[in-house]
Amino acid sequence: MMFRSSRFTACCRDVSRWGVRPAAAGSASGVETGVAALTRAVAQEPNLFESNVRYNLILREKAKLEPDPEEQQAIIAEAMTYQAKAKASAQAKKSAPAA
C-alpha cells in the first residue's frame, strides 16, 4: 500500500482550491494546469514516488500535444528523467529496512 504525502495531495488539490475548472481531457490548458500543479509537487518533495511518476506522465501528454518533433523529443527526454527518479525512489524504499 502506498501512502501519499499530504503536501503532494495539497498540490494536486490546488486546482480546485483556486476555482479553476478542469479542461477537457487532452486539451492544452488541462495539461498545462496539470504540469503547473505537479511542478510544485515535485519541487516540494523531489524524492516522492507518486509526484515523479505523475509528472512523467503529464509531460508525456504534453509531448503528444506539441506539434514540433524536436520539442516533443526534448519533453520526452525530460519525462524520462522523472521516470528514472521514480524508479530510484521506489528502489530506495524497497531496500530501506522496515520500521
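Attention in this report is confined to the structure presented alongside it.

Thresholds, definitions, all that
Residues numbered from 1 in each chain as written. Predicted model: local features only at pLDDT ≥ 70, side-chain atom pairs only at ≥ 80, totals over all residues. Heavy atoms only, no water. Helix = DSSP H or I, 4+ residues; strand = E, 2+ residues; numbered from the N terminus. Buried < 20%, exposed > 50% of the residue type's maximum accessible area, 1.4 Å probe, protein only. Contact = heavy atoms within 4.5 Å. Areas by Shrake-Rupley, 256 points an atom, 1.4 Å probe, with all protein chains shown as cover. Core = buried A, V, L, I, M, F, W, Y, C linked by side-chain atoms within 4.5 Å. Axes fitted to C-alpha atoms, helices over the stretch in contact; angles between N-to-C directions. Parallel < 35°, antiparallel > 145°, perpendicular 65-115°, else oblique. Left-handed = near helix turned anticlockwise from the far one by under 90°. Expected span 1.5 Å × (residues − 1).

1. Describing the overall build of the protein chain
Of the regular secondary structure elements, the protein chain holds four helices and zero strands. Order of helices (α) and strands (β) in the protein chain, N terminus to C terminus: α-α-α-α. Residue burial in the protein chain is summarised as follows: out of 99 residues, 26% are buried. Within the protein chain, residue pairs in contact and separated by at least 24 positions form 56% of the contacts whose partners lie at least 6 positions apart. Accessible area for the protein chain stands at about 6700 Å²; split by element, carbon and sulfur atoms hold 59% of it.

2. A look at the nonpolar core
With 11 residues, the main nonpolar core is built from Val31, Val35, Leu38, Val42, Tyr55, Ile58, Leu59, Ala63, Ile75, Ala79 and Tyr82. Counting residues per element, the ones that place at least two in this core are helix H2 (28–44), helix H3 (49–65) and helix H4 (69–95). For Tyr82, the contacting residues outside a window of four places in its chain are Val42, Asn52, Tyr55, Asn56 and Leu59.

3. Some words on the packing of H3 against H4
Interhelical geometry of H3 versus H4 gives an angle of 165° and a closest axis separation of 8 Å. Put simply, H3 runs roughly antiparallel to H4. H4 is crossed by H3, and the crossing has left-handed handedness. On the side of H3, the interface is formed by Phe49, Asn52, Val53, Tyr55, Asn56, Leu59, Arg60, Lys62, Ala63 and Lys64, while H4 contributes Gln72, Ile75, Ile76, Glu78, Ala79, Met80, Tyr82, Gln83, Lys85, Ala86, Ser89 and Ala90.

4. A short note on H2
If you check H2, its first and last C-alpha atoms are 24 Å apart, about what 17 residues at 1.5 Å a residue would give, namely 24 Å. For H2, the full list of buried residues reads Val31, Gly34, Val35, Ala37, Leu38, Ala41 and Val42.

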